[in-house]
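# Summary of the model geometry
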Amino acid sequence: MHPFASYVLRSYYKATGWNEDNLYANLTRSSNAVLDFTVPRGLSLSLSKSSNDLFRTTYSMNAMPSLNGSVGYIFTSRPLDVRSSGDARFKDMLERFRVYDEPRRPEGREEVWQGGERVDERDYLLYGRYYLPTGRLDALYSTRISATLQALVAAISDPPTAPAAEYTGRRNLSNVMLSLQHDVGKWCSEYTWSAEDEMWGFRVLHNFGRLNKEENRRTSVGVEEEEALFQLAFAFTTLPDATPPSFQLPSSSSLTSTSPLPKYPYIQTPTTITALFNPMLGHLSGAYTARVSPDLALASRFDFNVYSFESEWTVGAEWWLRRRQLDLDDVSSSPTNLVKSPVNGVVKVRASTSNDVSLMWEGRLRNMLVSFGVVSDLASRVKPIKAIGLEMSYFTSPE
């Protein structure tokens, strides 16, 4: 489940026309949503409030295994469409399998000129969070330099106490990172600099092919170099994801027994195939993810190291839950006429050859978003349950 700050950040990108899906870091997002979902640990509660269209506050508390919390503030330069936890689209609140649409050139703010000078302001977002009782401080500043350029400044201040640092051997985690992203649709590049180790890095992603009537697929190739580590990436995806339930279906209230059911054009099964190779570390990873039915997505990934010959195979599934299904007269005769009600939950399961099995349920109870999960180790008889957690989130929209 997305934290409230991530939900606001995604809404900011959408309002400013920035396409975050075209970044190299998000190349494996579809498979990671099924295979690398985060199971909550302990008991967590998050409360957030939108004071107005520009300013928002968020509070969180973890009661188990230890008591801690945080306070965060978010300010944006333009109003955002941030809804309450009871009205927000459920699929927008969590990572899920999705085939992203055709890459597009980002849209900038409309230019305003007066007296031969440009007077419109740049879009920006300010975010800060303070953690108790550790005293850690996180900050993020994002601004649009131009229609295709975006700059980010991320900072972490986490000063450990002297006795604790000597006992645990933990180093100072304080750091400042600068990032410059350049996206033109066909390709996207990102340049980073870290103040902690004074290292530069870059990422480049190039998309091949175009959407036409005969070919509904896209191939992407990426390169990453950071801290003397070099990595190659390849991705193949169908294009676009327009099959149910991603396609916007009519509401059940608008359907009657005599109204004709919508016909959807046949589009190949939504599929993503990704491959990563790091020649310096010898790590090779390949993942295959597909939606085999309107409510079920399956994923598989194989990791292998050419130097140590260590390997791991991971499989996962994502199953969407619905309140009820509308069975009309001709549903049995034509599966494409199947109309379903909105989703109210999702179940994710993951298993690997390392004997770890994870199960998580995410849903909405009244006006609160709830996530419950468990992580087990099948090879351990002493402690078969490694972790279990419950996370609840509630936030309001501007009045």
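In this report, the structure presented in the accompanying data block is examined. Sequence order sets the numbering: in each chain, residues are counted from 1 along the sequence as written. Reporting of local features is limited, given that this is a predicted model, to residues whose pLDDT is at least 70; pairs of side-chain atoms are given and counted only at 80 or more, and all residues count toward the totals for whole chains, interfaces and linings. Excluding hydrogens and water, the side-chain figures rest on all heavy atoms present in the structure.

## So, a nonpolar patch on the surface
- Surface patches are defined over residues having more than 30% relative accessible area and no salt bridge, joining like charges when they lie within 9 Å and nonpolar side chains (Val, Leu, Ile, Met, Phe, Trp, Tyr) when within 5 Å. With residues, only the protein chains shown are counted as cover, and all accessible areas are computed by Shrake-Rupley using a 1.4 Å probe. Salt-bridge detection follows one rule: a side-chain nitrogen of Lys or Arg within 4 Å of a carboxyl oxygen of Asp or Glu. On the surface, a nonpolar cluster with roughly 570 Å² of combined accessible area is contributed by Leu229, Phe230, Leu232, Phe277, Met280, Leu281 and Leu284.
- Labels follow the DSSP assignment, with helices taken as runs of H or I lasting at least four residues and strands as runs of E lasting at least two, numbered in each case from the N terminus. Considering every element that reaches the nonpolar patch, the biggest residue donor is strand β13 (residues 229-238), with 3 residues.
- Among the secondary structure elements, Leu284 is positioned in strand β15 (residues 283-293).
- Throughout, exposure labels follow a simple rule: accessible area from a 1.4 Å probe, protein chains only, divided by the maximum for the residue type, with under 20% read as buried, over 50% as exposed, and the rest as partly exposed. Exposure remark for Leu284: the relative accessible area of 37% places this residue in the partly exposed category.

## Structural notes on the pairing of strand β17 (residues 311-322)
- Strands are treated as partners if at least two bridges between them are detected by DSSP. Pairing of strand β16 (residues 296-305) with β17 involves 9 bridges; the strand directions are antiparallel. The residue of β17 that forms the bridge with Phe302 is Trp313.
- Where β16 folds back onto β17 in an antiparallel hairpin, the turn is made up of 5 residues, including Phe309, whose phi is positive at roughly 65°.
- Here 9 bridges tie β17 to strand β20 (residues 343-352), and the two strands are oriented antiparallel to one another. Its bridge partner being in β20, Trp319 is matched across the sheet by Val347.

## A few points about the environment of Tyr59
- For Tyr59, the location among the structural elements is in strand β2 (residues 55-62).
- In sequence terms Tyr59 and Ser393 are 334 residues apart; their C-alpha atoms lie 9.9 Å from each other.
- Beyond its immediate chain neighbours, meaning those up to four positions away, Tyr59 contacts Leu45, Ser46, Leu47, Ser70 and Val71. Contact criterion: two residues are considered in contact whenever any of their non-hydrogen atoms come within 4.5 Å of each other.

## A short note on the side chain of Thr143
- Within the secondary structure layout, Thr143 lies in strand β7 (residues 137-144).
- According to the relative accessible area criterion, Thr143 is buried, its value standing at 5%.
- At a separation of 3.1 Å, a polar atom in the side chain of Thr143 contacts the main-chain carbonyl oxygen of Asp123.
- Those residues within four positions of Thr143 in sequence are excluded, and the remaining contacts are Tyr12, Arg122, Asp123, Tyr124, Gln150 and Ala151. Side-chain atoms alone can form a polar contact between residues adjacent in sequence; in general such a contact is a pair of N or O atoms within 3.5 Å, and within protein one must be able to donate a hydrogen while the other accepts it.

## Focus: helix α1 (residues 4-16)
- The span you would expect from a helix comes to 1.5 Å times its residue count less one. With 13 residues, α1 should cover 18 Å at 1.5 Å per step; its first-to-last C-alpha distance of 18 Å lies within 8% of that length.
- Considered for burial, the residues of α1 that qualify are Phe4, Ala5, Tyr7, Val8, Ser11, Tyr12, Tyr13 and Thr16.
- Just downstream of α1 lies Gly17, where phi reads positive at about 80°.

## Describing the pairing of β16
- Side-chain alternation along β16 places Ala297, Ala299, Arg301, Asp303 and Asn305 on a buried face and Leu296, Leu298, Ser300, Phe302 and Phe304 on a face that remains uncovered.
- Of the strand pairs in this sheet, β15 and β16 are connected by 10 bridges, and their pairing is antiparallel. Paired with Gly286 across the bridge in β16 is Phe302.
- Linking β15 back to β16 in an antiparallel pair, the connection comprises 2 residues.

## Some points on the environment of Leu321
- Position of Leu321 among the secondary structure elements: in strand β17.
- Judged by relative accessible area, Leu321 falls into the partly exposed class, the value being 22%.
- Distance in space between the C-alpha atoms of Leu321 and Glu362 is 9.7 Å, their sequence separation being 41 residues.
- Ignoring anything within four residues of it in the chain, the contact list for Leu321 reads Val343, Asn344, Gly345, Val346, Val347 and Trp361.

## Details of the packing of aromatic side chains
- Planes of paired rings set the category: under 30 degrees apart is stacked, over 60 is edge-to-face and the rest tilted, where pairs are Phe, Tyr or Trp rings (Trp by its six-membered ring) whose centres lie within 6.5 Å. Per the counting criterion, the structure on display carries 9 aromatic pairs.
- Aromatic side chains Phe75 and Tyr124 sit 6.2 Å apart centroid to centroid with 35° between the ring planes, which places their arrangement in the tilted category. Of this pair, Phe75 sits in strand β3 (residues 68-76) while Tyr124 sits in strand β6 (residues 124-132), and the two are 49 residues apart along the sequence.
- Joined through ring pairs, the aromatic side chains of Phe4, Tyr7 and Phe395 make up one cluster.
- Each ring is checked for a lysine NZ or an arginine CZ that lies within 6 Å of its centre and within 35 degrees of its normal; such an atom marks a charge sitting over the ring. Over the aromatic face of Tyr131 sits the side chain of Arg136, whose NZ or CZ is 5.6 Å from the ring centroid.
- Across from the ring centre of Phe37, 4.4 Å away, lies the NZ or CZ of Arg350, which sits over that ring.

## Quick look at unusual backbone geometry
- A cis geometry characterises the amide bond from Leu132 onward to Pro133, with omega recorded as 5°.
- Relative to the helices and strands, Pro133 resides in the loop between β6 and β7.
- A positive phi angle, close to 55°, is found at Arg366, a residue other than glycine.
- With respect to the helices and strands, the residue Arg366 is situated in the loop between β21 (356-365) and β22 (368-377).

## What to know about the pattern of salt bridges
- Under the counting rule described, the total for this entry stands at 15 salt bridges.
- Residue Asp92 pairs with Arg89 through a salt bridge whose shortest N-O separation is 3.2 Å.
- The class of Arg89 is partly exposed, set by a relative accessible area of 40%.
- Notably, a salt bridge pairs Asp303 with Arg301, separated by 3.4 Å at the nearest N-O pair.
- Assessed through its relative accessible area of 14%, Arg301 is described here as buried.
- The network of salt bridges with shared partners includes Arg10, Glu20, Asp21, Arg29 and Glu95.

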